[in-house]
Each structure stands twice: as C-alpha cells, then as structure tokens.
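Coordinate inspection notes
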Amino acid sequence: TTLASVSLACMSCHDGTVAVGSLAYGSQIGDFTGTHPGVGGAADFGTDLSNDHPVSITVTGDANIALAADIVTAGLPLFGALTDQIECGSCHNVHDNTITPFLRMSNANSAICTTCHLNH
C-alpha cells in the first residue's frame, strides 16, 4: 500500500535500511533494539519494522475492528482524507516519550491493541 506522509516520515529512518535502534535523547543515544511485548509473544524489532503492525490501512469497522470514531474518541488519532487510516502516528507520538516507547497511551493489558481490535 502507499504510505501516508505521517508514516513516510517514520519510515525515512525505520524502513530497515537505517539503524532503528538509534534514538537521540539530547546528547545521549539510546538503544531500541531488543524485544517488545506484542500479540502472541515478543516481537524482535531488530533493524527492520516491516514485519510489525501494518500502517496506512483503512479502518473498516468490520466485526473485529472498532469504528473510526470510537478509536479517535479513545485517544488514538487516525489520518488520511477520510480520517480513517491507521498510521505510525496513530499509536506513537514522537514528540512525547512520557509513555515509552513514544506511545500515545499506556498499553497495559493491551489497551492500545484493544482500542481497535475488539474481543468478541
């Protein structure tokens, strides 16, 4: 799929060709390689995010996915002309690392995941 500009900005570094683990904290460089607790266990970020959550996908509101309006109301922004696209910035806010790793909300008990992915 074609990435929207908000995800293109992220992928300019996080596309697997540049070190995903190099995050600047003032004069410090942090290491972000390692594992991330994801669905079904730990996902190894390594240097390539292409095997992680897809981006530039449309929220369809099918039986297992929340409606776009409900996702936005819960605090996760959607993007695109119809404000129905999941992009990197839907879950991550690169300007605020209060909730690491730059998450928009706590993911305790998979809160970010269950904002969109409904349990039936």
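Residues numbered from 1 in each chain as written. Predicted model: local features only at pLDDT ≥ 70, side-chain atom pairs only at ≥ 80, totals over all residues. Heavy atoms only, no water.

Of the regular secondary structure elements, the protein chain holds 4 helices and 6 strands. In the protein chain, the order of α-helices and β-strands from amino to carboxyl end is α-β-β-β-β-β-α-β-α-α. In the protein chain, buried positions account for 25% of the 120 residues. Partitioning the intrachain contacts of the protein chain with sequence separation of at least 6 by distance along the chain shows that 49% fall at a separation of at least 24. (Helix = DSSP H or I, 4+ residues; strand = E, 2+ residues; numbered from the N terminus. Buried < 20%, exposed > 50% of the residue type's maximum accessible area, 1.4 Å probe, protein only. Contact = heavy atoms within 4.5 Å.)

Note on placement: asparagine 93 falls in the loop between helix H3 (88-91) and helix H4 (111-116). In contact with asparagine 93, other than residues within four places in its own chain, are Phe102 and Arg104.

The next subject is the confidence of the model for the protein chain. Taken as a whole, the protein chain shows an average pLDDT of 75; of its residues, 68% reach a score of 70 or greater. Per-element confidence in the protein chain is highest for helix H2 (residues 68-73), whose mean pLDDT is 95, and lowest for strand E3 (residues 35-38), whose mean pLDDT is 38. Note on residues 23-46: pLDDT under 50 across the span, and 32 contacts to partners over four residues away in sequence or across chains. (pLDDT = per-residue confidence, 0-100.)

What follows concerns the state of the cysteines. In protein chemistry, a disulfide is the covalent bond that joins the sulfur atoms of two cysteines. With the rule as written, the count across this model stands at 0 disulfides. Of the cysteine sulfurs around cysteine 91, a residue in no disulfide, the closest is that of cysteine 116, at 6.2 Å. On the basis of relative accessible area, cysteine 91 is assigned to the partly exposed category, the value being 22%. (Disulfide = S-S within 2.5 Å.)

Tracing the sequence through the fold places serine 90 in helix H3. Given a relative accessible area of 2%, serine 90 falls into the buried group. Here the side chain of serine 90 touches proline 77 through a polar contact of 2.8 Å, landing on its backbone oxygen. Once residues within four sequence positions are removed from consideration, serine 90 is found in contact with Leu76, Pro77, Leu78, Phe79, Gln85 and Arg104. (Polar contact = N/O pair within 3.5 Å; in protein donor to acceptor, adjacent residues only side chain to side chain.)

What follows concerns unusual backbone geometry. Residue proline 101 follows threonine 100 across a cis peptide bond; omega there is -5°. Counting through the fold element by element, proline 101 comes out in the loop between H3 and H4. Positioned with a positive phi, serine 110 is a non-glycine residue whose angle comes to about 60°. The partly exposed category is assigned to serine 110, whose relative accessible area is 35%.

In this structure, cysteine 113 sits in helix H4. Along the chain, cysteine 113 and cysteine 91 lie 22 residues apart, while their C-alpha atoms are 9.2 Å from each other.

Glancing now at the nonpolar core. In terms of nonpolar packing, the biggest core is built from 11 residues, these being Val59, Ile65, Ala66, Ile71, Leu76, Leu78, Ile86, Leu103, Met105, Ile112 and Cys116. If near-sequence neighbours (up to four positions away) are discounted, isoleucine 71 is found in contact with Val59, Ala66, Leu76, Leu78, Thr115 and Cys116. (Core = buried A, V, L, I, M, F, W, Y, C linked by side-chain atoms within 4.5 Å.)

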